[in-house]
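Geometric and topological summary
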Amino acid sequence: MFTIGDFARHGRVSVRMLRHYDATGLLRPARVDPATGYRHYAASQLSRLNRIIALKELGFTLQQVRDIVDEKVDAGELRGMLRLRRAELEDTVATANARLVQVEARLRAIESEGHMPTHDVVLKSVPSVRVAELTATAASYEPEDISPVIGPLYDELFRRLEAAGITPTGPGIATYEDVPDGDDRVLVHAAVQVSAPLQNGDVHVHDLPPLAQAATLVHHGSMDAVLPTAQTLTHWIDTHGYHPSGYPRELTLECPENPDAWVTELQTPVTRFSPAGA
């Protein structure tokens, strides 16, 4: 038998919590000394305690925990419930990490205002290129809306190309445009250069039009952290008397397994700004 303090240490809970479980009838002591009122617990009660804690972590109320424990949920069912909770927590952590990346990118953009070098911006023409493409819709231009769409879209694109016997011959090119009805949604186009006949079946093969003039800047690293680079390009366009004349493109130059080692060229079609009445 163990004193309440010893049992709390072995069960990794507080004495206060054990007293509460006793008061609510969820976990009674194995024995209470009639003279002193001291509670004593048996090692076999750790199993019930573990189930109580696990079910609480799953979000069940104490009454629900009591009902489940008293009905003797077996270990297999409990493992399944815990796996579900683990998956939910992992999803929460992944979402929080993605938001942290965006906060850091926004902070870098703020800190670099007026300090980011723009001499690496190149103004050039971009020739027409034949691509295989799939399109999907994202809720907005925010990274947390784009990332869950563009990745699976490329996975599906390469799966379909392999099934069709089409081998990519060049880099990936991602483009984005507003949906026609004018709300916040975005059409996401995942494309890759190919040498194949024009077609509009499982994979849309077409020719991307040339860009007569595009302001371009190379971004190094994950696209989740592209904001400072993209805004540097935006400032260059504005300060050099240009304005966007179409939707931007992202040309993947290097795409190793580690996203931090990605190299992507940002391409924004531009024309010279002409004041009204000029």
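Residues numbered from 1 in each chain as written. Predicted model: local features only at pLDDT ≥ 70, side-chain atom pairs only at ≥ 80, totals over all residues. Heavy atoms only, no water.

1. Quick word on the overall build of the protein chain
In terms of regular secondary structure, the protein chain is built from 7 helices and 13 strands. Looking at the protein chain as a whole, 35% of its 278 residues are labelled buried. Counting only contacts in the protein chain whose residues sit at least 6 apart along the sequence, the fraction spanning at least 24 positions is 67%. A total accessible area of about 16,600 Å² is found for the protein chain, and carbon and sulfur atoms account for 55% of it. Computing the positive centroid from 26 side-chain charges and the negative centroid from 37, the protein chain places the two 14 Å apart. (Helix = DSSP H or I, 4+ residues; strand = E, 2+ residues; numbered from the N terminus. Buried < 20%, exposed > 50% of the residue type's maximum accessible area, 1.4 Å probe, protein only. Contact = heavy atoms within 4.5 Å. Areas by Shrake-Rupley, 256 points an atom, 1.4 Å probe, with all protein chains shown as cover. Lys, Arg positive; Asp, Glu negative; His and termini not counted. Charge placed at Lys NZ, Arg CZ, Asp CG, Glu CD.)

2. Concerning the packing of aromatic side chains
Any two aromatic rings considered together are summarised by their centre-to-centre distance and by the angle between their planes. Within the structure shown, the criterion is met by 3 aromatic pairs. A ring pair is formed by Tyr 154 and Phe 158, whose centres lie 6.0 Å apart and whose planes are at 25 degrees; its orientation type is stacked. Taken as a pair, Tyr 154 and Phe 158 lie in helix α6 (residues 143-164) at a separation of 4 residues, close to a single helical turn. Given a relative accessible area of 15%, Tyr 154 falls into the buried group. Taking relative accessible area as the criterion, Phe 158 reaches 38% and is therefore assigned partly exposed. (Phe/Tyr/Trp six-rings, centres within 6.5 Å; stacked < 30°, edge-to-face > 60°.)

3. Considering the pairing of strand β13 (residues 263-272)
Burial analysis of β13 places 8 of its 10 residues in the buried class, which makes it a mostly covered element. In this structure, strand β10 (residues 211-220) lies alongside β13, joined through 7 bridges in antiparallel fashion. Within β13, the position partnered with His 219 by the bridge is Thr 264. Relative to β13, strand β11 (residues 242-244) is paired through 3 bridges, and the arrangement is antiparallel. In the sheet register, Pro 244 faces β13, and the bridge partner there is Val 270. Relative to β13, strand β12 (residues 249-254) runs antiparallel, the two being bridged by 5 bridges. (Pairing = 2+ DSSP bridges.)

4. Focus: the sheet that holds strand β3 (residues 39-41)
As summarised here, the arrangement of the 3 strands in space is β1-β3-β2, forming an open sheet in which the pairing is antiparallel. In the strand order of this sheet, the two ends are held by β1 (2-3) and β2 (31-32), each with one partner. Bridging between β1 and β3 involves 2 bridges; their strand directions are antiparallel. Each residue of the ladder has a partner; that of Thr 3, found in β3, is His 40.

5. Re the UniProt feature "domain: HTH merR-type" (unreviewed entry) in the protein chain
What UniProt calls "domain: HTH merR-type" (unreviewed entry) maps, in this numbering, to residues 1-71. Note that residues 1-71 is 55% helix and 10% strand, and that its end C-alpha atoms are spaced 25 Å apart. (UniProt positions renumbered as here; feature names shortened; annotations may be inferred.)

6. Re the packing of helix α1 (residues 4-11) against helix α2 (residues 15-24)
Where α1 meets α2, the axes come as close as 9 Å, and the angle between the chain directions of the two elements is 105 degrees. With respect to α2, the element α1 is oriented roughly perpendicular. Contacts between α1 and α2 involve Ile 4, Gly 5, Phe 7 and Ala 8 from the first element and Val 15, Leu 18 and Arg 19 from the second. Split into classes, the residues belonging to the contact of α1 with α2 amount to 5 nonpolar, 1 polar and 1 charged. (Axes fitted to C-alpha atoms, helices over the stretch in contact; angles between N-to-C directions. Parallel < 35°, antiparallel > 145°, perpendicular 65-115°, else oblique. Nonpolar A, V, L, I, M, F, W, Y, C, P; charged D, E, K, R; others polar.)

7. Concerning the environment of Pro 29
As for its position among the elements, Pro 29 is in the loop between α2 and β2. In sequence terms Pro 29 and Ser 140 are 111 residues apart; their C-alpha atoms lie 56 Å from each other. Pro 29 has contacts with Asp 22, Arg 39, His 40, Tyr 41 and Gln 45, leaving out every residue within four places of it along the chain.

8. Regarding the side chain of Ser 222
Within the secondary structure layout, Ser 222 lies in the loop between β10 and α7 (227-239). In this view, Ser 222 contacts Pro 259, Asp 260 and Trp 262; residues no more than four positions away in its chain are not counted.

9. A short note on the pattern of salt bridges
Inspection of the entire model under this criterion finds 8 salt bridges. Of the charged contacts in the structure, one is a salt bridge between Arg 9 and Asp 6, with a shortest N-O distance of 2.2 Å. With Arg 9 and Asp 6 both in helix α1, this residue pair falls 3 residues apart, about one helical turn. Arg 9 gets classed as exposed once you look at its relative accessible area, which sits at 53%. Relative accessible area serves as the criterion here: at 28%, Asp 6 is assigned to the partly exposed category. Linking Arg 159 and Glu 156 is a salt bridge whose minimum nitrogen-to-oxygen distance equals 2.6 Å. With Arg 159 and Glu 156 both in helix α6 and 3 residues apart, the pair spans about one turn of that helix. Overall, the relative accessible area of 47% leaves Arg 159 in the partly exposed class. Owing to a relative accessible area of 23%, Glu 156 belongs among the partly exposed residues under this scheme. Salt bridges sharing partners connect three or more residues here, namely Asp 22, Arg 28 and Arg 39. (Salt bridge = Lys/Arg side-chain N within 4 Å of Asp/Glu carboxyl O.)

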